[in-house]
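# Summary of structural features
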Amino acid sequence: MEREKVRFISGGTECAAWHYPGTNGGCVIMTGGFAVTKEPGTDRFAKRFHEAGFSVLAFDYRHLGESGGEPRQVARLREQLSDWQAAIEFAGTLPGVHPAKLAVWAFSLPGGYVFPIAAQNPQLAAAIAQTPNVDGPASARNAARHQKPLAMLRLMGRGILDALGGLVGRRPVLVPLVGEPGSVALLTTPDARLGDEALNPGNKYPDWQQTVAARSALRVTFYRPGRYASRVQSPLLVVVCDQDQSAPAGPAVRAARRAPNAEVITLPGGHYAPFMDAHEQAVEAELSFLRRHVLGLQVKNQGVTALRTVAR
């Protein structure tokens, strides 16, 4: 059996997940991006981890994908962090999974979540943050270089109106995850506009709704999960891309340096390079890290051409 649909409870709501049963006792808990569902966000990496013997639990956050929760397409930071905690607890109960061999993996904004999640769960055997957004203000300043001022104001205005409407039960005002400069969208950076090609080639996942409630963008701008780095005791791998314009590498590397047991892999390319041209490099580096820290294996250099540094 390659994978099966499972569900667990978070905050009184069912979260849907794919469970890939493994053979080595380890389990990698995964999720997509901020409003990216589990299939486009995890399938490529989950398949490779599973082929290497790991169990995988890939889940949707509340209000998104196949998970429950109303209203739809509302992404709340606190709820998503709670969903992570529930997923970690559930993963330890899966058949064939050793509770001491759990790892977490996420990219983009949830890649930033890896820092507080790992800090809160020192029992994790490993944590992987791929192209993480660890500093909302820094990312917002960089993104502003690729957006027109009026469009930024319109996004903020829609977010405020949507938040106020939410207080009285109105349906969310949705905005696209990605758009051209001048459009009202969550991101308009050049590499963000490759997201559909990277995650949804050939419209492989037609059910993925590539929008989010405008209110969801308000807190992201000020969120700084990298501040938890010094509290992360688990082995931490931070994968950055040297031309990332959506989650710049600099803040992530600096955050990794504050973590007691971190490594940094630098890949060539933009935000979605690990799903595209740098996919093999990313997978091999991450599997090597998982084998060393989840399974306790000595892994030989497998020819990964990425730049690897110990974050000190």
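Quantities reported herein were computed from a predicted structural model and do not represent experimental measurements.

## What to know about the packing of aromatic side chains
Centre distance and the angle of the planes are the two values used to describe a pair of aromatic rings. The final tally for this structure, using the stated rule, is 12 aromatic pairs. For the ring pair Phe 107 and Phe 275, a centre distance of 5.0 Å and an interplane angle of 65° mean the geometry is edge-to-face. With a gap of 168 residues between them, Phe 107 in strand S5 (residues 102-107) and Phe 275 in the loop between strand S10 (262-267) and helix H9 (279-293) connect regions that are remote in the sequence. Grouping residues by exposure puts Phe 107 and Phe 275 together as buried. Relative to Tyr 223, the ring of Tyr 113 has its centre 6.0 Å away and its plane inclined at 70°; by these criteria the two rings are edge-to-face. You can see Tyr 113 sitting in helix H3 (residues 108-120) and its partner Tyr 223 sitting in the loop between helix H7 (217-220) and strand S9 (236-241), a full 110 residues away along the chain. We note that Tyr 113, like Tyr 223, is buried. An aromatic cluster of three or more residues is present, and its members are Phe 8, Phe 59, Tyr 61, Trp 84, Phe 90, Tyr 113 and Tyr 223. Taking the ring centre of Trp 18 as reference, the NZ or CZ of Arg 3 above it sits at 3.9 Å. The ring centre of Trp 18 lies 4.2 Å from the NZ or CZ of Lys 5, which sits over that ring.

## Examining the pairing of S5
Counting buried residues along S5, 6 of its 6 residues qualify, which places the element largely inside the surrounding structure. Across the two faces of S5 the burial is the same, with Leu 102, Val 104 and Ala 106 and Ala 103, Trp 105 and Phe 107 all buried. Pairing analysis gives 4 bridges linking strand S3 (residues 27-31) to S5, with the strands arranged parallel. The residue of S5 that forms the bridge with Ile 29 is Val 104. The pairing of S5 with strand S6 (residues 126-132) spans 5 bridges and is parallel. For Val 104, the partnering residue across the bridge sits in S6 and is Ala 127. With respect to chirality, the unit in which S5 leads through H3 into the neighbouring parallel S6 is right-handed.

## As for the pattern of salt bridges
In the structure shown here, the tally under the stated rule is 15 salt bridges. Ionic pairing is found between Arg 48 and Glu 280, a salt bridge with its closest N-O pair at 2.8 Å. Within this pair, whereas Arg 48 is found in helix H1 (residues 38-51), its partner Glu 280 is found in helix H9, the two being separated by 232 residues in sequence. When its relative accessible area of 44% is taken as the criterion, Glu 280 is described as partly exposed. Connected via shared salt-bridge partners are Lys 5, Lys 38, Glu 39, Asp 60 and Glu 66.

## A look at the confidence of the model for the chain
Here the chain shows a mean pLDDT of 94. Residues at 70 or above account for 95%. Within the model, the stretch residues 301-306 combines pLDDT values under 50 with 10 contacts to residues more than four positions away or in other chains.

## A look at the nonpolar core
Among the nonpolar cores identified, the biggest contains 94 residues, and Ile 29 and Phe 49 are the most heavily contacted of them. Apart from the residues lying within four places of it in its own chain, the contact partners of Phe 49 are Val 28, Met 30, Phe 54, Val 56, Trp 105, Glu 286, Leu 287 and Leu 290.

## With respect to H1
In a regular helix each residue adds 1.5 Å, so 14 residues correspond to 20 Å; H1 covers 18 Å between its end C-alpha atoms and thus fits that length. Of all the bends in H1, the greatest measures close to 35° and is centred on Arg 44. The buried fraction of H1 is high, at 11 of 14 residues. The complete set of buried residues in H1 reads Lys 38, Glu 39, Pro 40, Gly 41, Thr 42, Asp 43, Phe 45, Ala 46, Arg 48, Phe 49 and His 50. Positive backbone phi, approximately 105°, marks Gly 53, located one or two places after H1.

## Structural notes on the pairing of strand S4 (residues 55-59)
Burial of S4 is extensive: 5 of the 5 residues sit out of reach of the surface. In terms of strand pairing, strand S2 (residues 13-20) meets S4 through 4 bridges, oriented antiparallel. Each residue of the ladder has a partner; that of Ala 17, found in S4, is Phe 59. Both S3 and S4 contribute to a ladder of 5 bridges, which runs parallel. Each residue of the ladder has a partner; that of Cys 27, found in S4, is Ser 55. In this fold, the crossover linking S3 to S4 by way of H1 has right-handed handedness.

## Focus on the state of the cysteines
Per the stated rule, a full pass over the model turns up 0 disulfides. Of the cysteine sulfurs around Cys 15, a residue in no disulfide, the closest is that of Cys 27, at 15 Å. Given a relative accessible area of 0%, Cys 15 falls into the buried group. Since its relative accessible area comes to 0%, Cys 27 is described here as buried.

Rules behind the numbers
The residue count restarts for each chain, going from 1 along the sequence in the order it is written. The model is predicted, so local features are restricted to residues of pLDDT at least 70 and side-chain atom pairs to those at 80 or more, both for listing and for counting; the totals for chains, interfaces and linings are taken over all residues. Only heavy atoms go into the side-chain values, all of them from the structure, while hydrogens and water stay out. Two aromatic rings from Phe, Tyr or Trp, using only the six-membered ring of Trp, form a pair when their centres are within 6.5 Å; if the ring planes differ by under 30 degrees the pair is stacked, by over 60 it is edge-to-face, and anything between is tilted. Here a helix means four or more residues in a row that DSSP labels H or I, a strand means two or more in a row labelled E, and each is numbered from the N terminus. Only protein chains enter the area calculation, which uses a 1.4 Å probe; residues under 20% of their type maximum are buried, those over 50% are exposed, and those in between are partly exposed. Working rule: Lys NZ or Arg CZ, within 6 Å of ring centre, within 35 degrees of ring normal, means a charge sits over the ring. Two strands qualify as a pair provided that DSSP identifies no fewer than 2 bridges between them. For the handedness criterion, the strands are oriented away from the viewer, and a crossover whose path from the first strand over the helix to the second runs clockwise is classed as right-handed. By definition, a salt bridge exists where a carboxyl oxygen of Asp or Glu is found within 4 Å of a side-chain nitrogen of Lys or Arg. Predictor confidence is given residue by residue as pLDDT, running from a minimum of 0 to a maximum of 100. Residues count as neighbours in contact if any of their non-hydrogen atoms are within 4.5 Å of one another. Side-chain atoms within 4.5 Å link the members of a nonpolar core, which is a set of buried Ala, Val, Leu, Ile, Met, Phe, Trp, Tyr and Cys residues. Multiply 1.5 Å by the residue count of a helix minus one, and that product is the helix's expected span. The bend reported for a residue corresponds to the angle between axes fitted to the seven residues ending at that residue and the seven starting there. Working definition: a disulfide is two cysteine sulfur atoms within 2.5 Å of each other.

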